[in-house]
Amino acid sequence: SIFSANRRDAPVGRITATEPEWTLLTRPHLDVEVRKISPDVATLIAGLMEGVPPGRAAGDTLAAYAEFHLSAAIAFIIEAGAFCGISTNGVHDET
């Protein structure tokens, strides 16, 4: 994969990309971190970034990916430091 080939210290040769890839970029403590993510987690994150309520974003993701595990996806997103705040009833609270 393009992601894997560019994460090694060795020179990168020709890459034949046959499948799309998704990555999550975060910047905790000013250090850029890049993580490869699965299509289902990418779908959940995209929905949340578009402002879709979490329950609906999770439902939409599960409808598209039967093997989707919400708890694992949320744990991954939290561990990556990708959440920056919480909004309820239109009120935003930075955390």
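See the structure shown above.
Please read all numbers here as calculations on a predicted model, not as lab measurements.

*Asks:* Which residues make up the pattern of salt bridges, and what values do they have?
*Replies:* Counted by the stated rule, this structure contains four salt bridges. One salt bridge in this structure joins Arg35 and Glu33, with 2.9 Å as the shortest N-O distance. As a salt-bridge pair, Glu79 and Arg35 come within 3.4 Å of each other at their nearest N and O atoms. Linking Glu79 in helix H4 (residues 70–80) with Arg35 in strand E2 (residues 33–37), this pair joins segments that are 44 residues apart in sequence.

*Asks:* Explain the environment of Leu48 to me, using residue names and the numbers behind them.
*Replies:* You can see Leu48 is positioned in helix H2 (residues 39–49). Taking relative accessible area as the criterion, Leu48 reaches 27% and is therefore assigned partly exposed. Considered as a pair, Leu48 and Phe83 are 35 residues apart in the sequence and their alpha carbons are 10.0 Å apart. The residues contacting Leu48, other than those within four sequence positions of it, are Pro54, Ala57 and Phe83.

*Asks:* Break down the nonpolar core for me, citing the residues and quoting the values.
*Replies:* If you look at the biggest cluster of nonpolar residues, it comprises 13 residues, and the most contacted ones within it are Leu24, Ile37, Val41, Leu44, Ile45 and Ala73. Examining the composition of this core, we find that four residues originate from one element, H2, more than from any other. Apart from the residues lying within four places of it in its own chain, the contact partners of Ala73 are Val41, Leu44 and Phe68.

*Asks:* Summarise helix H3 (residues 54–64); cite the residues concerned and give the values.
*Replies:* Looking only at H3, the buried set comprises Ala57, Ala58 and Thr61. All buried residues of H3 project into a common sector of 100 degrees when viewed along the axis, lining one side. Counted as exposed and oriented over 90 degrees from the buried face of H3: Gly55, Arg56 and Ala63. Turning to H3, the residues buried within the fold contact H2 and H4.

About the criteria used
- Residues numbered from 1 in each chain as written.
- Predicted model: local features only at pLDDT ≥ 70, side-chain atom pairs only at ≥ 80, totals over all residues.
- Heavy atoms only, no water.
- Salt bridge = Lys/Arg side-chain N within 4 Å of Asp/Glu carboxyl O.
- Helix = DSSP H or I, 4+ residues; strand = E, 2+ residues; numbered from the N terminus.
- Buried < 20%, exposed > 50% of the residue type's maximum accessible area, 1.4 Å probe, protein only.
- Contact = heavy atoms within 4.5 Å.
- Core = buried A, V, L, I, M, F, W, Y, C linked by side-chain atoms within 4.5 Å.
- Arc of directions from axis to C-beta.

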